[in-house]
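Letter by letter, the chains look like this.
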There are 2 protein chains.
Amino acid sequence: MIIDALSEKIIERQNPTCVGLDTSPEYVGAYRGDPAAAVYRFNRNVVDAVFDVVPAVKVQIAYYEALGRGGVECFFDTCAYAKARGLFVIADCKRNDIGATAAQYAKAFLEGRGGENIDLITINGYLGSDGVLPFVEAAKANDKGVFVLVKTSNPSSGELQDLKLADGRTVYECMGDMVETWGGDSVGKYGYSRVGAVVGATYPEEAKILRARMPHSFFLIPGYGAQGGNAAMLKHCFKAGGMGGIVNNSRGILCAHKTSDKWKDVPSPERYAAREAALKMKADLLSVLGEIHA
Amino acid sequence: MIIDALSEKIIERQNPTCVGLDTSPEYVGAYRGDPAAAVYRFNRNVVDAVFDVVPAVKVQIAYYEALGRGGVECFFDTCAYAKARGLFVIADCKRNDIGATAAQYAKAFLEGRGGENIDLITINGYLGSDGVLPFVEAAKANDKGVFVLVKTSNPSSGELQDLKLADGRTVYECMGDMVETWGGDSVGKYGYSRVGAVVGATYPEEAKILRARMPHSFFLIPGYGAQGGNAAMLKHCFKAGGMGGIVNNSRGILCAHKTSDKWKDVPSPERYAAREAALKMKADLLSVLGEIHA
C-alpha cells in the first residue's frame, strides 16, 4: 500500500523530506533555447543530487503549465525521471471538480500514462464527497494516494479555513473530519490511509489540533523554509516516532545555489547545492523528531 | 472591460448560454488515430454549429488532460478556434494555490500564450485572498475575468458549502462575500465586476440568496440539463432584464446527436444536433427570462 511503502522509505532514509520541484526558469540560471528543456535539465540535476537522501519529490504543475507549449510534457518527464531514480512522486495539482470531471482528472494523474510515474496527488475538497471520491476510487484501484487541502500554509488560509462553524468546529477541522471519513476504509499497516491531508508547517497550533483529530491521515506539510516554517513548528504534524508526515521544501533546496557565493563559479551548481541543502534539512528535522521508527 | 463586452454579446445574441466543451472521446463517435485530434475535429464542428447562436464556450480542461500526450495542446487549440470564431472563451480549470504558485497559474491561463485565447477562468477560493488575488491582478492587467467557486452544482456541494458559520452565514455566503470584495474595485458599466462566481443552477434557493447578496458579481451557472437544472430553477441567478449571468450546458449540446435516431446515419451529426440543441436551450431560457436588456 502506497502510504506504507512511503513510510518505509522515510524510515530507511531517516528523512521525512520531500523536495519540491516548483522550478521556475528564473531559478535555472542562464540558458539558451527552450525554457521547458532548461527546466527539465535542471530538475534532473536536482533529482540526481538528492535521490539517495530524500524519499520523495513534489512536482508543482503550475510552474510547468506556465512554461507554455511543452510545459506539461516537461512536468510528466520530470515525474518519470524522479520515479526512475526510485523516488516517490507527488503531483501537486490541487485538482477539483464535480464527479464526472473529477474522474477525468483522476484519469489524467492517477491512471494510464499519468499514473505511471505519479504516486500521490493533491486535491481540493471544496466540492465535497462526490468531487473527491473519484480520486479516492482511482487511488484505490491503482495503489496511489491523495492529499486533500485541509489547512494550507499561506498567510490568508484562515480567511475561510479558520472560520468557526455553528457546531463549534472550524472549517479546517470539518475538512479534516471529512478526510478521515474518505480514507476510513483504506488504512495501511502503519495506521495511515491513502487519503492524506495538506497541513501547513506555518500553523503549528492548528497542526496540533489536526494531528490529534486525524489519527489515520498522513500529512503533506508545506511551508518549511522560504514560507517561514521551521522544524520546531512542524513537530506537531508528526505522530510518535516521527511518523505520519512528510515535509516539503521547494525554494530552500531548488534555489540553494543562489544563497552563497561559493557556488557562483560552479557550472550547474544545483548538482551540489541541492544535496547540501537537503542534508541540512534532514539534520534539522531529525534534531526535533529524533530517530524515525514505526 | 471583459464583463461589459460579454454582457453586450449576450444582449446582441439574446442568449445567455455557454456551450461546455467537456469533450470526452466517448462523445465523438468512431474515429481512427489520435484521440486528441478526434476531439479537436469534433470541437470545431460544435463551434461551427453554434458560433452565431451563443456568446461563449467553456472548455473544461480535465477532459483534455485525460487525453494524455497532446491533450493540453488540444485544449489550447480548441480555445483558439472558438476565439477565432468570435466566441468568449472560459477556461474551466478551477486552479488554486498559494500566492507565488497562483501567479504561475495566472501566467499559464491569463497571460502570454494562454491568455491569447482565453477570456475568463474558473478558480477555487479555499486558500483565501492571497491565493485569489494573483488571478485578479492578472485579470486586471490583461482585461480578463475570473469566476470563483461559490455554490457548486454537484449533489454533495453542501457538505462544506452549506455549513452554518457561528456568525450566521453559510460557508457559501462567506465565499460570496469575499468574491464581492475581490471584485469591488473593478465594476464595469453594467454593474458587474471582473471577479464573478460559479453558482449552480441546481440550487435555486441558494442562488436567490447569492443573487441578492452579490449585486456586483456576474454568475457562471453550471448544472442546466444533464445535471438536473432547468430554466425555471435558474431564473433566480439573474438580475433584472436577464442580466448578470451565463448558463453552461455541456452534455446537453455536445451529446445532442446521441439523443435521437434522426442523427444516426448523418456523418458528423454534431454539426447539426448541437445547433438545434443550442437554439432549443435559448428558447427555453428566454421563455423564463424574457427579453434580455441592460
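Here, every reference points to the structure presented above.
Residues numbered from 1 in each chain as written. Chains lettered and ligands numbered in written order. Predicted model: local features only at pLDDT ≥ 70, side-chain atom pairs only at ≥ 80, totals over all residues.

## Digging into the interface of chain B and chain A
Line of reasoning, step 1. Contacts between the two partners involve 46 residues from chain B, matched on the other side by 46 residues from chain A.
Line of reasoning, step 2. Those elements that provide at least two residues to the side of chain B that touches chain A are α3 (61-65), α5 (99-110), α6 (112-116), α7 (129-142), α8 (158-161) and α9 (171-183) of chain B.
Line of reasoning, step 3. The leading source of residues in the side of chain B that touches chain A is α5 of chain B, at six residues.
Line of reasoning, step 4. Taken together, the residues that form the side of chain B that touches chain A break down as 19 nonpolar, 18 polar and nine charged. (Contact = placed C-beta atoms within 7 Å. Helix = DSSP H or I, 4+ residues; strand = E, 2+ residues; numbered from the N terminus. Nonpolar A, V, L, I, M, F, W, Y, C, P; charged D, E, K, R; others polar.)

## Quick notes on the relation of the copies chain B and chain A
Line of reasoning, step 1. Superposition of chain B onto chain A requires a rotation of 180° combined with a translation of 0.0 Å along the rotation axis, giving an RMSD of 0.0 Å. In symmetry terms, the pair is related by a two-fold rotation axis.
Line of reasoning, step 2. When you check the interface residues of chain B against chain A, 100% turn up at the interface there too, and the contact is symmetric in its surfaces. (Least-squares fit on C-alpha atoms with pLDDT ≥ 70 in both.)

## Comments concerning the environment of N249 of chain A
Residue and element names in this part refer to chain A.
Line of reasoning, step 1. Here N249 is to be found in strand β8 (residues 245-249).
Line of reasoning, step 2. Taking the C-alpha atoms as reference points, N249 and G223, 26 residues apart in sequence, are found 7.3 Å from one another.
Line of reasoning, step 3. Those residues in contact with N249, other than ones at most four positions away along the chain, are T17, V19, G20, Y224, G225 and M281.

## With respect to the sheet that holds β8 of chain A
All names here are of chain A.
Line of reasoning, step 1. Pairing in this closed barrel of eight strands is parallel, and the strands run β1-β2-β3-β4-β5-β6-β7-β8 around the ring. If you compare each strand with its neighbour and ignore which way they point, the axes differ by 30° on average.
Line of reasoning, step 2. Bridge count between strand β4 (residues 120-123) and strand β5 (residues 145-151): four bridges; the pairing is parallel. Looking across to β5, one finds that T122 is bridged to F147. (Pairing = 2+ DSSP bridges. Axes fitted to C-alpha atoms, helices over the stretch in contact; angles between N-to-C directions.)

## Some thoughts on the sheet that holds strand β6 (residues 195-199) of chain B
Each strand in a sheet pairs with its neighbour through backbone hydrogen bonds, running either in the same direction (parallel) or in the opposite one (antiparallel).
All names here are of chain B.
Line of reasoning, step 1. Taken in spatial order, the eight strands line up as β1-β2-β3-β4-β5-β6-β7-β8 and close into a barrel, and their pairing is parallel. With strand direction ignored, the average angle separating the axes of adjacent strands in the sheet is 30°.
Line of reasoning, step 2. Note: strand β1 (residues 17-21) against strand β2 (residues 56-60), four bridges, orientation parallel. In the strand pairing of β2, V19 is matched with V57.
Line of reasoning, step 3. The sheet strands contacting α9 are β5 (145-151) and β6, and the helix crosses β5 at an angle near 165°.

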